[in-house]
There are 2 protein chains.
Amino acid sequence: MEKRVEESHLQRDANWQHFRTIPPGTQVAARNRLSEHVFVVCGGWAFRFFQLPNGRRQILNFLLPGDLFSATSVFEEKFLFSVNALTEIQISGMRRSEFQARLAANPKILTALASACVVETQAADEMLAALGQRSAEERIAYLLLHLMQRIAARSVIREQGYYFPLRQQNIADAVGITSVHVSRIISLFRDRGIAELSDGFLRVLNLPELERLGSLN
Amino acid sequence: MEKRVEESHLQRDANWQHFRTIPPGTQVAARNRLSEHVFVVCGGWAFRFFQLPNGRRQILNFLLPGDLFSATSVFEEKFLFSVNALTEIQISGMRRSEFQARLAANPKILTALASACVVETQAADEMLAALGQRSAEERIAYLLLHLMQRIAARSVIREQGYYFPLRQQNIADAVGITSVHVSRIISLFRDRGIAELSDGFLRVLNLPELERLGSLN
DNA sequence: CGATCGGTTGATATGAATCAACGTGCGTGG
DNA sequence: CCACGCACGTTGATTCATATCAACCGATCG
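What counts, and at which threshold
- Residue numbers run consecutively from 1 along every chain, following the written order of its sequence.
- Here every chain gets a letter starting at A, and every ligand a number starting at 1, in the order they are written.
- With pLDDT at 70 or above as the cut-off, local features in this predicted model cover only qualifying residues; side-chain atom pairs require 80 or more to be listed or tallied, and sums for whole chains, interfaces and linings still use all residues.
- Values reported for side chains reflect all heavy atoms of the structure, with hydrogen atoms and water molecules removed beforehand.
- Under the scheme used here, helices are H or I runs from DSSP no shorter than 4 residues and strands are E runs no shorter than 2 residues, and both carry numbers assigned from the N terminus.
- With C-alpha atoms as the basis for the radius of gyration, the globule rule is written as 2.2 Å multiplied by the number of residues raised to the power 0.38.
- When accessible area is computed with a 1.4 Å probe and restricted to protein chains, residues below 20% of their type maximum are described as buried, those above 50% as exposed, and intermediate ones as partly exposed.
- Only the protein chains shown count as covering a residue, and every accessible area follows the Shrake-Rupley method with a 1.4 Å probe.
- In this comparison the copies share one frame, found by least squares on the C-alpha atoms of residues holding pLDDT of at least 70 in both.
- Between two residues, a contact is recorded if the distance between any of their heavy atoms is within 4.5 Å.
- The reported arc concerns the directions from the helix axis to the C-beta atoms and nothing else.
- Each domain's limits were defined by an automated method or a database of domain assignments.
- Each of two parts loses accessible area, computed with a 1.4 Å probe, when they are put together; buried area is these two losses added.
- By salt bridge we mean one thing: a side-chain nitrogen of Lys or Arg within 4 Å of a carboxyl oxygen of Asp or Glu.
- For each residue, the test is whether any non-hydrogen atom lies within 4 Å of the molecule or strand; if one does, the residue is near.
- Pairs of N or O atoms within 3.5 Å make up the polar contacts considered here, provided that, within protein, one atom can donate a hydrogen while the other can accept it, and that residues adjacent in sequence are counted only when both atoms are side-chain atoms.
- Think of it as three bins: nonpolar holds Ala, Val, Leu, Ile, Met, Phe, Trp, Tyr, Cys and Pro, charged holds Asp, Glu, Lys and Arg, and polar takes everything else, Gly as well.
- Each Phe, Tyr or Trp ring (for Trp, its six-membered ring) is paired with any other whose centre lies within 6.5 Å, and the angle between the two planes then decides the class: stacked below 30 degrees, edge-to-face above 60, tilted in between.
- Placement of a positive charge over a ring is assigned whenever Lys NZ or Arg CZ falls within 6 Å of the ring centre and within 35 degrees of the normal to the ring plane.

Comments concerning the overall build of chain A
Looking only at helices and strands, chain A features 7 helices and 10 strands. A compact globule built from 217 residues would reach a C-alpha radius of gyration of about 17 Å, and chain A, at 18 Å, matches this within 12%. For the C-alpha atoms alone, the extent of chain A along its principal axes is close to 55 × 40 × 35 Å. Counting every position in chain A, which comprises 217 residues, the buried fraction comes to 55%. Carbon and sulfur atoms make up 48% of the accessible area of chain A, which amounts to about 9,700 Å² in all.

Given below as structure tokens:
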């Protein structure tokens, strides 16, 4: 698949080193563990989540190439969340002290960080609204639209479709419903000619309808 | 009620002007409206929310004395949310440009802002987990505990109770359930001797049990 | 070849929404 | 000063969305 990855300022300007390639399914950060490093995802998909004591997990967001694990980890020395590789990923880290030094020296990085922080918060707020106020169907539609935008910002879209490596269980963990119910709703979308999702690939057949369902406005 | 308000660094160091007192129920910020100012709440309670087209609203968080409307509004010139006064409030604003100038000049303010950002994000993540993975009962317990901590950080607690100006509808809008269901669950808490909530006052009778229900760990 | 994983589908159970009625306190205007 | 309306909370009956439990299928892999 042809892919034009557009690097963020954070990725371009901050001069990262210590590249690592990590197989899918690996947990690359654990809540409450100390880390002297700030990490970016350079390739592949990961997700940030909370593990609850009852065995459930809430996926807080998905990390795409160019994303910091979280803007907050620039200031916080403990991880406040866990991170897991969804696909094979490349990540690279920089000592927090070094990052902060660069931050002070290069206003472009500060701007990029502030912008990342705004985007993160905005996304969290919208997800909060989706989880609190919308039906399962609407939440899934919202998630699809949200991820489509993020994918589109990073790569060329091929054959009217999107590379989309989420399992139904991941969708379930992100929008707070059961994977069984996710299956039913995805089937519904397929039957109604709204979208098809299979085998790591998302094809949207009726965008206006998907937006009608998923848009928060 | 005796109250020792502890000002945050943001409030103390940034030298705010343009104080305004605002009656309860007033909307003090509207999503998508431009604002040249950054605002802090100096007294009273407010809440930040999204208004959905179907008439529902999601309360994103509650604003207590010392809180910025949001750390993101330091960088973003449009409000990404709306804000409403829960009680009578005092707010004060500063031109964004001026705030940014002070930010550059005084590292203490930068630290305070970064810390506010971390706290905000962490709170949003936890709320996400609560909304996605927990029952109505657990969500309400979580909200009570969360607010108790924030109140306790700001003022002396009186008679084993907390000043707590939320209406049941506000709780409903925050945790994503119906106000009648909130009523049932609050009654349940009362019947089970866990907590009493009435008339702007919260009294916790069985903290361990409330924590068992509401804690995310 | 069996085991495991991801997805599908059906039957049933349950938590929460909805609809509705009612109570109580409070402010306002007659 | 009373009467009315209104906001807020409570409670019951019913409905509905989603969870749970269970069986099954196809693909993949050791």
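From this point, things continue past the structure.
Some points on the relation of the copies chain B and chain A
Each of the two chain copies can be generated from the other by rotation about an axis followed by a shift along it. Of the two same-sequence chains, chain B is brought onto chain A (RMSD 0.0 Å, axial shift 0.0 Å) by a rotation of 180 degrees. What we have between these two chains is a two-fold relation. Most of the interface of chain B is mirrored in chain A, where 100% of its interface residues again form contacts.

Some remarks on the environment of Asp191(A)
For Asp191(A), the position within the fold is in helix H6 (residues 179-191). Separated by 94 residues in sequence, Asp191(A) and Ser97(A) place their C-alpha atoms 53 Å apart.

Side note on helix H7 (residues 207-214) of chain A
All names here are of chain A. For H7, every residue scored as buried is listed here: Glu 209, Leu 210, Leu 213 and Gly 214. Each buried residue of H7 lies within a common arc of 120 degrees when the element is viewed along its axis, so the set occupies one face. Exposed and oriented more than 90 degrees from the buried face of H7 are Pro 208 and Arg 212. Those residues of H7 hidden inside the fold are in contact with helix H4 (136-152), H6 and strand E10 (201-204).

A look at the domain arrangement of chain A
The parts lose accessible area when they come together, and the size of an interface is often stated as this lost area. Residue and element names in this part refer to chain A. Splitting chain A by domain gives domain 1 (3-105) and domain 2 (134-214). With 16 residues of domain 1 at the contact, the number on the domain 2 side is 14 residues. A combined buried area of about 1,400 Å² lies between domain 1 and domain 2, and 60% of that area is made up of carbon and sulfur atoms. Where domain 1 meets domain 2, there are 2 salt bridges.

Things to note about the protein's contact with DNA strand C
Around DNA strand C, 16 residues are found, and the nearest of them are Arg167(A), Gln168(A), Ser183(A), Arg190(A) and Ala136(B). Looking at DNA strand C alone, sugar and phosphate atoms form 74% of those within 4 Å of the protein. Here Arg56(B) contributes a side-chain N or O atom positioned 3.5 Å from a phosphate oxygen of DNA strand C. Take Arg184(B): an N or O atom from its side chain is 3.0 Å from a base oxygen of DNA strand C. Going through the elements one at a time, H6 of chain A together with helix H6 (179-191) of chain B are the ones with two or more residues in the surface near DNA strand C. Looking at the surface near DNA strand C residue by residue, the classes come out as 4 nonpolar, 7 polar and 5 charged.

So, the protein's contact with DNA strand D
Inspection of the region around DNA strand D gives 16 residues, with Ala136(A), Arg167(B), Gln168(B), Ser183(B) and Arg190(B) positioned closest. Those atoms of DNA strand D that come within 4 Å of the protein belong to sugar or phosphate at a rate of 74%. Taking Thr178(A), its main chain carries an N or O atom lying 3.2 Å from a phosphate oxygen of DNA strand D. Arg190(B) has a polar side-chain atom sitting 2.8 Å from a phosphate oxygen of DNA strand D. Looking at the surface near DNA strand D, the elements with two or more residues in it are H6 of chain A together with H6 of chain B. Sorting elements by how many residues they give to the surface near DNA strand D places H6(B) first, with 5 residues. Taken together, the residues that form the surface near DNA strand D break down as 4 nonpolar, 7 polar and 5 charged.

Some remarks on the packing of aromatic side chains
The relation between two aromatic rings is expressed through the spacing of the ring centres and the mutual angle of the planes. Within this structure, the stated rule accounts for 15 aromatic pairs over all chains. Geometrically, the ring pair formed by Phe39(B) and Phe79(B) is stacked, given 6.4 Å between the ring centres and 25 degrees between the ring planes. With a gap of 40 residues between them, Phe39(B) in strand E3 (residues 37-43) and Phe79(B) in the loop between strand E5 (57-63) and strand E6 (82-85) connect regions that are remote in the sequence. Overall, the relative accessible area of 6% leaves Phe79(B) in the buried class. Aromatic side chains Phe79(B) and Phe81(B) sit 5.9 Å apart centroid to centroid with 55 degrees between the ring planes, which places their arrangement in the tilted category. By relative accessible area, which is 2% here, Phe81(B) ends up buried. Members of the aromatic cluster, each reached through a chain of ring pairs, are Phe39(A), Phe69(A), Phe79(A) and Phe81(A). A cation over an aromatic ring shows up here: Arg57(A) above the ring of Phe49(A), its NZ or CZ 4.4 Å from the ring centre.

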